[in-house]
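# Residue-level structural notes
If you want the building blocks of each chain, they are given just below.
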Amino acid sequence: MTRAAIYLDHNAASPLLPEARAALIAALDLVGNPSSVHGHGRALRNMIDTARSQVATLAGAERKQVVFTGSATEAITQAIVGGAKTFASTAIVISAGEHAAVAKAAEATGLPVITIALLADGSIDLDQLAKTVADAEGNLLVALHWVNNETGVVQPIGRINAIVGPTRHTLFIDAVQAFGKLPLEFAASAPDMMAVSGHKIGAPAGIGALLVKAHADVVRLIPGGGQEQGRRGGTEAAALIAAFGAAAAAIETRYATANVQSLIAQLEAALSGDAVVFGGNRLGNVTNFAVPGVKNTTAMMGLDLLGLSVSSGSACSSGKVGPSHVLAAMGVSADLAECALRVSLGWNSTAADVDAFTAGYQSILERQRARQGQAA
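Residues numbered from 1 in each chain as written. Predicted model: local features only at pLDDT ≥ 70, side-chain atom pairs only at ≥ 80, totals over all residues. Heavy atoms only, no water.

## Quick word on the sheet that holds strand S3 (residues 91-95)
Spatial ordering of the open sheet is given by S2-S8-S7-S6-S5-S3-S4, a layout of 7 strands whose pairing is mixed. The outermost strands of the open sheet, each flanked by one partner alone, are strand S2 (66-69) and strand S4 (113-116). Sheet twist, expressed as the mean angle between neighbouring strand axes with direction ignored, is 20 degrees. Of the strand pairs in this sheet, strand S5 (residues 140-145) and strand S6 (residues 170-174) are connected by 5 bridges, and their pairing is parallel. Note that in S6 the partner of Ala143 across the bridge is Phe172. Set on the sheet, helix H3 (residues 72-86) makes contact with S2, S3, S5, S6, strand S7 (193-197) and strand S8 (208-212); between it and S7 the angle comes to about 165 degrees. Here helix H6 (residues 157-164) sits on the sheet in contact with S5 and S6, set at roughly 160 degrees to S6. (Pairing = 2+ DSSP bridges. Helix = DSSP H or I, 4+ residues; strand = E, 2+ residues; numbered from the N terminus. Axes fitted to C-alpha atoms, helices over the stretch in contact; angles between N-to-C directions. Contact = heavy atoms within 4.5 Å.)

Written as structure tokens, this is what we have:
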């Protein structure tokens, strides 16, 4: 299998940071169980403790608030399924633009699921959210994303915090796409729980974390031994945790150096005559756009042949390319949504990458127009 020469799909997974690779290898060279009291076990425990501090620092959390999990999806499920049971929730509130991990976990609770609409700019309808919270007779578990994985739209987290918390309701935030790109300040903010991921910031896949406030510390999903301060059973994957910590310590500097916001602006300027860009207030590392008449399946195939890896949206659809529920919720027509491409940049993205993408996509547009001219 030939590896694509230029990777522009960081919202799906970011390439492994050198710092994370070094930490991973160093931990793999150690033997033992982090729960053992002998020297080998203590060495691994120290690695985990260091990583917990590193992740906590990036999240603006206290060390004791970080629970390592096998993925962000596990953290999300623990927060929603475990949280609904713990806090005797009577309904789950999500938005129409949530990642499948949130939507499926909400369904798994067996409780009524209330869906808040997205506005045309991709932001959550705060008026509907406020009314839902105000009218609720029971305890709601509100589970919303901070940054949309498909469009990069940044939700007004301050206003969401003010509407939902602190109240009798429980607020969970999917911060997977915000982590390492925006200041989370978890300890000082309203959310009761928050999920973050390793492979979105340059750590390996298979590691995430759930951030929990003290009153939510009893939320459980995986019983077992006393690992993770009794909050998540199973022997810790010390190597993955160490790599996660190293990535958390390095990503802000690496991300700033890449200057992704200016690169996205450069890309959008190059396509300004052709493309419709989706979303209003967006994170600076991603653009989701469409050129009418150019199907994303055709474009992605052509770009892949040129060694350019992009996506049409979420990578969590078993490799399938289908209509985007996020764009549909924003009122984008089905025909236009079928043309949508997502380009997401990260710590190793360069201006040369953007130039290559622009040239490659323009060549696809030219061929499309030539075929349309011949057909006419």
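## Quick word on the nonpolar core
Membership of the largest hydrophobic core comes to 70 residues, with the highest contact counts inside it found for Phe68, Leu129, Trp146, Phe179, Leu184 and Phe244. For this core, the element with the highest residue contribution is helix H8 (residues 238-258), accounting for 11 residues. Not counting the four nearest positions on each side in its chain, Trp146 is found in contact with Val153, Val154, Gln155, Ile157, Ile173, Asp174, Ala175, Ala178, Leu182, Pro183, Leu184 and Met194. (Core = buried A, V, L, I, M, F, W, Y, C linked by side-chain atoms within 4.5 Å. Buried < 20%, exposed > 50% of the residue type's maximum accessible area, 1.4 Å probe, protein only.)

## Observations regarding the pattern of salt bridges
Summed over the entire model, instances satisfying the criterion amount to 10 salt bridges. As a salt-bridge pair, Lys131 and Asp135 come within 2.6 Å of each other at their nearest N and O atoms. A residue pair is termed a helical-turn pair when its members lie 3 or 4 positions apart in one helix, as Lys131 and Asp135 do in helix H5 (residues 126-135) at 4 residues. For Asp135, a relative accessible area of 46% corresponds to the partly exposed category. (Salt bridge = Lys/Arg side-chain N within 4 Å of Asp/Glu carboxyl O.)

## Quick look at the environment of Gly331
Of note, Gly331 is situated in the loop between helix H11 (325-329) and helix H12 (334-337). By relative accessible area, which is 63% here, Gly331 ends up exposed. Distance from Gly331 to Arg21, taken between C-alpha atoms, is 42 Å for residues 310 residues apart in sequence.

## Focus on empty space enclosed by the protein
One pass over the structure, following the stated rule, counts 1 cavity of 30 Å³ or more. The calculated volume of the largest cavity comes to roughly 70 Å³. As for the largest cavity, its lining consists of 13 residues, of which Ser14, Lys181, Lys200, Ile251 and Tyr255 are closest to the centre. Split into classes, the residues belonging to the lining of the largest cavity amount to 6 nonpolar, 5 polar and 2 charged. (1 Å grid on protein atoms, 1.4 Å probe; cavity = no way out; pocket = protein on both sides within 12 Å on 5 of 7 lines; lining within 4 Å. Points joined across faces, edges and corners; volume = space filled by probe spheres on them. Nonpolar A, V, L, I, M, F, W, Y, C, P; charged D, E, K, R; others polar.)

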